[in-house]
Amino acid sequence: MTGRDVPMLEVRDLTMHFPVGGGLLDRLRVDARGVRLENPVVHAVNGVSFRIARGEIMALVGESGCGKSTVAKTIARIYDPTAGEVRIEGEDIAGYGFADMLPVRAKMQMIFQDPYASLNPRQRVRDIVAEPLLEQTRGAQERKQVPARIEQLLARVGLSAEHAGRYPHQFSGGQRQRIGIARALSVTPGLIIADEPVSALDVSIQAQILNLMKDLRDEFGLAYLFISHDLSVVHHIADRVGVMYLGFMVETAPRDVLFARPRHPYTRALLSAAPSIKAKRDVEEIVLGGEVPSALSLPSGCCFRTRCPFAWDRCAQERPSLRDVGAGQAVACHLIDEPERERT
Amino acid sequence: MRQRVVIAIALLARPRLIIADEPTTALDVTIQSQILKLMRQQIAEKGASMILITHDLAVVSEMADHITVLYCGKVVERGRTRELIETPAHPYTRGLIDSIPDTAHRHDRLRQIPGSIPDIRNLPTGCNFRDRCPRAQALCAEREPDLARQHATLWAACHFPLKPGETA
Ligand SMILES: Nc1ncnc2c1ncn2[C@@H]1O[C@H](COP(=O)(O)OP(=O)(O)OP(=O)(O)O)[C@@H](O)[C@H]1O
Ligand code: SF4
Ligand SMILES: [Mg+2]
């Protein structure tokens, strides 16, 4: 079951819809003929599928509100998915309860954007880092070894033994993120889900944390689901990239393929809109009009059609599925069938 | 949307100077690029000036004519945009630029500025950057460097500034 070819993580048709309202009045909503109306739902994640191999870094990009964090939290089972499968080393955990998750937490850990909000302010660093490990450790003999292991972990992420007795507020943002990383590493997981781990950090500190995360991947063969809205960060760290829009995965590809030959019109717009310190751009910027539609009522057909410069009637009628186009790239766009429409 | 309203109001009164504090920081890149474009257009049309405050070097380098770099509340470097980005003299500016992952030339590791930003209530003697600076020498602890002209339009506050072409 843990053979080489079984992916570290496989997600199939993952769907997460949040009901909104839900009070008595909302539940009594009826239309003009007295027929009960559906409760409004936020379509945060809509049938997302992807896999991450052992030791692979997969980045998830897309604009604010496109569902990246919801994907992460649903995989980590902070949310119960509305539908779909989440397989960790082949085992579907989508229906697991808290107790079932105990052995899974030894394989998968999460780190967050705001390292301060995610660390208990009243716990000392050594206890914060030890918590996931203690949860996995049975037997007095084994527990005795935990403190030494914590010291080792702190040293590995660049903190000293004297830091172990301090509280989170005594650290800078970058150091707090190191604490979060040490904590996640404590159980030697195979997968770390990192939701915007460097977005809150100053660029000079950001580089320190990215270097550390990359070194740890090489050392421990970790796989990451790395969420970021910063394309230059993603280009630096990822092996493969998934692009999300309005809760859909619109394109996935190996990093170099995605940056050199993006196929989905949204990916192309996103790459061309990213600001750069370079003097000249070699790409003509694709300027998108309009705004992202509300996740409360998805457009029919393609999720991107309301802003897409190429949209035609088929795009309103039929939802494109994510299809393989070779070189490890998959795209959800009807232009694949009618490429001549791009040249107009 | 709210940002666009704010900008429209700023421009309605036909101001001579607009101060924009992180105007696009919370926005998505595709919306950000719409707004930056709009701001550039409006400023050019109305002949207004603008002070753009941001932590995003990529945004300033696309928007600004001149850049001023602050560290711990002091100006450490200023100059014309292309000159400052391409040949910075101050080691902090150099470090910031090198910390940005480069999509054209990918390296396995990023250059990083070691250490963290000092507590402004407890600044070091001499140069504020010296604890993190790869070029610091004894003089940096003794005396605070003044802003001095480096080359062309570039001014930097550093005892041992980089010359054009020097890397660190
Ligand atoms: N607990 C929740 N209840 C209701 N709606 C939610 C909840 N969490 C997220 N959403 C909605 O789901 C959508 C996706 O949100 P999500 O936080 O996953 O986006 P994101 O891509 O992580 O955005 P960001 O880049 O801003 O972090 C948004 O429309 C958001 O408002
Ligand atoms: S010499 Fe001083 S000013 Fe110059 S970089 Fe070093 S520390 Fe800063
Ligand atoms: Mg998020």
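Note that this is a predicted model, so its numbers are computed, not measured. (Residues numbered from 1 in each chain as written. Chains lettered and ligands numbered in written order. Predicted model: local features only at pLDDT ≥ 70, side-chain atom pairs only at ≥ 80, totals over all residues. Heavy atoms only, no water.)

A. Fine view of the pattern of salt bridges. Taken as a whole, this structure holds 29 salt bridges over all chains when the rule is applied. Residue Arg 12 of chain A is joined to Glu 10 of chain A by a salt bridge in which the shortest nitrogen-to-oxygen separation is 3.3 Å. By relative accessible area, which is 37% here, Arg 12 of chain A ends up partly exposed. Glu 166 of chain B is the partner of Arg 135 of chain B in a salt bridge, and the nearest nitrogen-oxygen pair spans 3.5 Å. Of this pair, Arg 135 of chain B sits in the loop between α5 (91-99) and α6 (138-142) while Glu 166 of chain B sits in the segment after β6 (154-156), placing them 31 residues apart in sequence. What emerges from the salt-bridge pattern is a single network uniting Arg 314, Glu 318, Arg 323, Asp 337, Glu 338 and Arg 341 of chain A. (Salt bridge = Lys/Arg side-chain N within 4 Å of Asp/Glu carboxyl O. Buried < 20%, exposed > 50% of the residue type's maximum accessible area, 1.4 Å probe, protein only. Helix = DSSP H or I, 4+ residues; strand = E, 2+ residues; numbered from the N terminus.)

B. Local environment of the domain arrangement of chain A. All names here are of chain A. For chain A, the assigned domains read domain 1 (3-107 + 189-343) and domain 2 (108-188). Placing a centre on the C-alpha atoms of domain 1 and another on those of domain 2 gives a separation of 29 Å. Among the residues of domain 1 in contact with domain 2, Arg 105, Pro 189 and Leu 212 are the three that bury the most area, contributing 22% of the side total. The interface formed by domain 1 and domain 2 includes two salt bridges. Across the salt bridge formed by Arg 156 and Glu 219, the nearest N and O atoms sit 2.7 Å from each other. (Domains from an automatic or database assignment. Buried area = accessible area lost by both parts, 1.4 Å probe.)

C. Inspection of the domain arrangement of chain B at higher detail. When cut into domains, chain B gives domain 1 (1-54) and domain 2 (65-168). Computed over C-alpha atoms, the centres of domain 1 of chain B and domain 2 of chain B are 28 Å apart.

D. Region of the structure containing the packing of aromatic side chains. Residue and element names in this part refer to chain A. Scanning all chains against the criterion turns up seven aromatic pairs over all chains. Summarising the aromatic geometry, the rings of Phe 18 and Tyr 79 are spaced 5.0 Å apart at their centres and angled 80° between planes, so their arrangement reads as edge-to-face. Separated by 61 residues along the polypeptide, Phe 18 in strand β1 (residues 9-19) and Tyr 79 in the loop between α2 (68-75) and β4 (83-88) bring together distant segments of the chain. Of the residues examined, Phe 18 reaches a relative accessible area of 24% and is grouped as partly exposed. Residue Tyr 79 is classed as partly exposed on the basis of its relative accessible area, which comes to 25%. (Phe/Tyr/Trp six-rings, centres within 6.5 Å; stacked < 30°, edge-to-face > 60°.)

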